[in-house]
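One letter stands for each residue in the lines below.
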Amino acid sequence: MTNSAPQDPGPQESAPAPARPTANAMRRALKRARDGVALDTAEAAVLLQARGDDLKDLAASAARVRDAGLAAAGRPGVITYSKSVFIPLTRLCRDKCHYCTFATVPGKLRRAGHGMFMSPDEVLDIARRGAELGCKEALITLGDKPEDRWPEAREWLEAEGYDDTIAYVRAISIRILEETGLLPHLNPGVMTWTDFQRLKPVAPSMGMMLETTAERLWSEPGMPHYGSPDKEPAVRLRVLEDAGRSSVPFTSGLLIGIGETYEERADSLFALRRVSRSYHGVQELIIQNFRAKPDTAMRGMPDAEMDDLVATVAVARHIMGPAGCIQAPPNLVDGEYARLIGAGIDDWGGVSPVTIDHVNPEKPWPQLDELAEQSAAAGFRLEERLCVYPEFVQRGEPWLDPRLLPHVRALADPETGLARPDAVVEGHPWQEPDEGYVASSSGRTDLHRTIDTTGRTSDRRDDFDEVYGDWEALREQAAPGMVPSRIDGDVRTALKTAADDPTRLTDAEALALLHADGPALDALCGIADDLRKSVVGDDVTYIVTRNINFTNVCYTGCRFCAFAQRRTDADAYTLSLDQVADRAAQAWEVGATEVCMQGGIHPDLPGTAYFDIARAVKERVPGMHVHAFSPMEVVNGATRTGLSIRDWLSAAKDAGLDSIPGTAAEILDDEVRWVLTKGKLPTATWIEVVKTAHELGIRSSSTMMYGHVDQPRHWLGHFRTLAAIQQEALSKGVAGFTEFVTLPFIHTNAPVYLAGIARPGPTTRDNRAVMAMARLLLHPHIPNIQTSWVKLGTEGAAEMLRSGANDLGGTLMEETISRMAGSSYGSYRSVKDLIAIAEEAGRPAKPRTTLYGEVPQERQEAAAASDGHLPELLPVLD
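Residues numbered from 1 in each chain as written. Predicted model: local features only at pLDDT ≥ 70, side-chain atom pairs only at ≥ 80, totals over all residues. Heavy atoms only, no water.

(A) Spotlight on the overall build of the protein. In terms of regular secondary structure, the protein is built from 35 helices and 21 strands. Counting across all 878 residues of the protein, residues that qualify as buried make up 64%. Here the protein displays about 31,300 Å² of accessible surface, and carbon together with sulfur accounts for 50% of that area. (Helix = DSSP H or I, 4+ residues; strand = E, 2+ residues; numbered from the N terminus. Buried < 20%, exposed > 50% of the residue type's maximum accessible area, 1.4 Å probe, protein only. Areas by Shrake-Rupley, 256 points an atom, 1.4 Å probe, with all protein chains shown as cover.)

Right, dumping it as structure tokens:
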């Protein structure tokens, strides 16, 4: 929101008066709108200036688009609204928007007898009064990150036991759900990806106005958003994208008339369409007209004209199409309801019989009877919806967290997704789906075995076209990585630097080597192999380990992953705790020193389930090293429990966690990550998890998955990032990474490949270059470099051992992730198999522990007796 005591930054400058479009330009644009032809930004800017008969023409075509959408949605002739209460949780804010009267300063709050935040009792009093009157939405609005600016806000949060404002928003949302039955709709301003994970379980929907993409309105002195860090357009667009990646039904929109040009307004609408198209998560757009307020720096600016609002609504309708939902706040339209309906709106937003509009306190809400009469006069029936739009109610997972489903279902009509008129608004318990990990197994629990015989049920899920976002938009985004660009570089000089001292390789030299081929590639691999020998010797290490993928139910939406299933899919499964412990015990019997455990982000599993899994293994096999839970799983556990990443990792360590796999890294560059995955954690969060784990004495591996939509420059950046993390750890006396693992992309069943976006995995040249450069660029910080027999097979792994690798990974005993993706190299290797791979490379093999220590003699003997894998006669317990 905004600001401090009113300041006058100088006169507000509106945009220069635009040149009116020519009559021909207007006629062409109107015809395209009438004919349903997609508009471009220039045409939209022309139509935003339609007035008189041109505006009537534009509105009529927009209304037809709206009507087609309502008919397709099964609610023809319906305009919706949400019966709500407005809860201004705090009016403190770190921003200084020049038009805002919502934000204030601590002194004013104290003089008025208010706290820095509303207390839980104050919040619940409003919510209860709303519930008594049939309200179903609690609109929670507040300033952006007030604790970053105001010590009084920090002190209040600390005194009440909250780490930050988001923690209080989460806590109060749970109380609203449990004690009143209202559904929270959260507007806490700019949020991080992690904030969305924290809040999604407690709110069916969230929102944040984009307002504008005009950067000059933020960056130039005297402009409306100058001095407001949270109003940077790029930051706000990132929030919208993170909402989509997190499958959060999200409300956004424009604030028109704050000094933007028509071209800038059109650009803002197309930016919103791009996000909506990419993730299908924008549930509505609010088109809000600027109203000047006293005691603000923009008090002298003229209000946005009604014609301007009508034209913007109509253009927004054309741009968003029939499936879009367009809202205009009814208290800001001066009674011009019919004109807004005629321009294509299909929603009036939140209307409260209890509270005022705290952002526009001078503009009271209309009475619901009046709103119904005005809608009826325009030929529409007014019906109540929930804060989350009916389409998302009907979609269910992953858009609605399982913990919210009872609350939403108590108020929603199961056939329409709208609010039930007869619904009783009362509190229901908010809790994890289970008190602990699942007691019994479900689904295809023998997948680890039958994947090598029966195979997967189908090559793709039947929601392939919806679950991953818009493939066409993704294809445009990924196009630059489809064919890696070649570069010209002095390979000979780079090879000399690599041989003399690889730590002196410049980025330009490293890129030249990553592109090396032919004799230059042979020389590069030779240099890397020589360095390997000097650093770690000739021994090829391996570990007797068992993979346990405890569930493959996951709704994250990783586009490279063929492992994830919905709970109803034929190949879906979840193991019980006893099955996890049984499999660990079996592994111990045949010589394992480690179990590696990872699973899908199952919406029904509580954040404490990971503790239960680690504890179950330790109780059954105390000597087993528990190598488990990727950074994505760590964040999932932390956000579900409400713990910080540090506290969650500490609790996991207490439960038996010994180390974590450095998977979920893919490529540590968000340009690539957001093509590969819809909802996975961003690079910065992966780094935070890994660094925190290292500081707590929990070591991790590190990985890179390559050969999809990436380029060598991304590989270089990934290596540099890992080296920097390890350097920092070592400088603090922290051990950090145990090894680096190359993970060639398996394309066969990967959705992003089936959609025609990704390359069919890396070439042999790519594999050799990546392995050699991993050895060189991670030297001397990460001495152990592992190749993957699962991805490359025996011959491929042996070739990597000649290109800088010194480790073969593990026996695995079972492996489903790569096999579901289409790997043809099986699910396990015996000890003899791994020794044979080493011998093919002309090297001796040696067993190791997870931390690259000596394996106890008793473990070696057990592994030798069984050859490190489960015998055919030993049943795999289900």
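(B) Representation of the environment of Gly656 in the model. When you line up the elements, Gly656 lands in the loop between α26 (645-655) and β16 (659-660). Separated by 29 residues in sequence, Gly656 and His627 place their C-alpha atoms 9.6 Å apart. Residue contacts for Gly656: discarding those within four places in its chain leaves Ala614, Lys618 and Val626. (Contact = heavy atoms within 4.5 Å.)

(C) A look at the packing of helix α28 (residues 683-695) against helix α29 (residues 712-731). At a minimum axis distance of 11 Å, the contact between α28 and α29 shows a crossing angle of 30°. Judged by the inter-axis angle, α28 sits roughly parallel to α29. Of the two elements, α28 crosses α29, and the hand of that crossing is right-handed. Every residue of α29 that contacts α28 at Trp686, Ile687, Val690 and Lys691 is listed here: Thr721, Leu722, Ile725 and Glu728. Per-class residue counts for the contact of α28 with α29 are five nonpolar, one polar and two charged. (Axes fitted to C-alpha atoms, helices over the stretch in contact; angles between N-to-C directions. Parallel < 35°, antiparallel > 145°, perpendicular 65-115°, else oblique. Left-handed = near helix turned anticlockwise from the far one by under 90°. Nonpolar A, V, L, I, M, F, W, Y, C, P; charged D, E, K, R; others polar.)

(D) Local environment of helix α7 (residues 165-179). An ideal rise of 1.5 Å per residue puts 21 Å on 15 residues; α7 measures up with 21 Å between its terminal C-alpha atoms. Across the 15 residues that make up α7, a large majority, 11, are buried. Of all the residues in α7, the buried ones are Thr165, Ile166, Ala167, Tyr168, Val169, Arg170, Ile172, Ser173, Ile174, Ile176 and Leu177. The positive-phi residue at the C-terminal boundary of α7 is Gly181, with phi of around 90°. (Expected span 1.5 Å × (residues − 1).)

(E) Examining the nonpolar core more closely. Core analysis: the largest hydrophobic core is formed by 136 residues, its most contacted members being Leu47, Ile87, Leu89, Phe250, Ile287, Leu340 and Trp348. At 10 residues, the largest contribution of residues to this core is made by helix α12 (residues 306-320). Excluding residues that lie within four positions of it along the chain, Ile287 makes contacts with Leu254, Ile256, Leu269, Leu309, Thr312, Val313, Ala316, Ile326, Gln327, Ala328 and Pro329. Residues Leu524, Phe560, Val621 and Met624 belong to the second largest nonpolar core, which totals 124 residues. (Core = buried A, V, L, I, M, F, W, Y, C linked by side-chain atoms within 4.5 Å.)

(F) Representation of the pairing of strand β18 (residues 737-744) in the model. Counting buried residues along β18, eight of its eight residues qualify, which places the element largely inside the surrounding structure. As judged from the six bridges shared by strand β17 (residues 699-706) and β18, these two strands associate in the parallel manner. Pairing of Thr703 across the sheet is with Val741, part of β18. One crossover worth recording links β17 to the parallel β18 by way of α29, and it is right-handed. Of the strand pairs in this sheet, β18 and strand β19 (residues 785-786) are connected by two bridges, and their pairing is parallel. By the bridge assignment, Val741 is partnered in β19 with Gln786. (Pairing = 2+ DSSP bridges. Right-handed = clockwise from strand over helix to strand, strands pointing away.)

(G) Quick look at the pairing of strand β3 (residues 183-187). Most of β3 sits out of view: five of its five residues are buried. Where burial is concerned, the two faces of β3 agree: the one with Leu183, His185 and Asn187 and the one with Pro184 and Leu186 are both buried. Read as a crossover between parallel neighbours, the route from β3 over helix α8 (residues 193-199) to strand β4 (residues 205-207) is right-handed.

(H) Looking closely at the pattern of salt bridges. In total, this model carries 54 salt bridges according to the counting rule given. Of the charged contacts in the structure, one is a salt bridge between Lys846 and Glu854, with a shortest N-O distance of 2.9 Å. Residue Lys846 is classed as partly exposed on the basis of its relative accessible area, which comes to 29%. Counted as one network, the salt bridges with shared partners bring together Arg646, Lys691, Glu695, Glu728 and Lys732. (Salt bridge = Lys/Arg side-chain N within 4 Å of Asp/Glu carboxyl O.)

(I) Layout of the side chain of Thr296. For Thr296, the location among the structural elements is in the loop between β6 (282-289) and α12. When neighbours within four sequence positions are excluded, Thr296 is seen to be in contact with His98, Tyr99, Cys100 and Thr101.

(J) Here's a closer look at unusual backbone geometry. Note that the residue after Glu397, namely Pro398, is joined by a cis bond; omega there is 5°. At the junction of His779 and Pro780, the peptide bond is cis and its omega measures out at 0° in the coordinates. Structurally, Pro780 can be placed in the loop between α31 (764-777) and β19. Of note in this structure, Glu211 is not a glycine but carries a positive phi near 75°. Relative to the helices and strands, Glu211 is located in the loop between β4 and α9 (216-219). The buried category is assigned to Glu211, whose relative accessible area is 10%.

(K) Quick peek at α31. With 14 residues, α31 should reach 20 Å at 1.5 Å per residue; the first-to-last C-alpha distance of 20 Å fits that figure. Extensive coverage of α31 is indicated by the burial of 13 of its 14 residues.

(L) Just the confidence of the model for the protein, in detail. This prediction gives the protein a mean pLDDT of 90; 90% of its residues lie at or above 70. Scored below 50 in pLDDT, residues 1-14 makes 50 contacts in the model with residues more than four places away or belonging to other chains. Here residues 872-878 scores under 50 on pLDDT; set against residues more than four positions off or in separate chains, the count is 20 contacts. (pLDDT = per-residue confidence, 0-100.)

(M) Seen up close, the side chain of Asn784. Mapping Asn784 onto the fold places it in the loop between α31 and β19. Once residues lying within four places of it in the same chain are set aside, the contact partners of Asn784 are Val536, Thr738, Glu739, Phe740, Asn806 and Tyr852.

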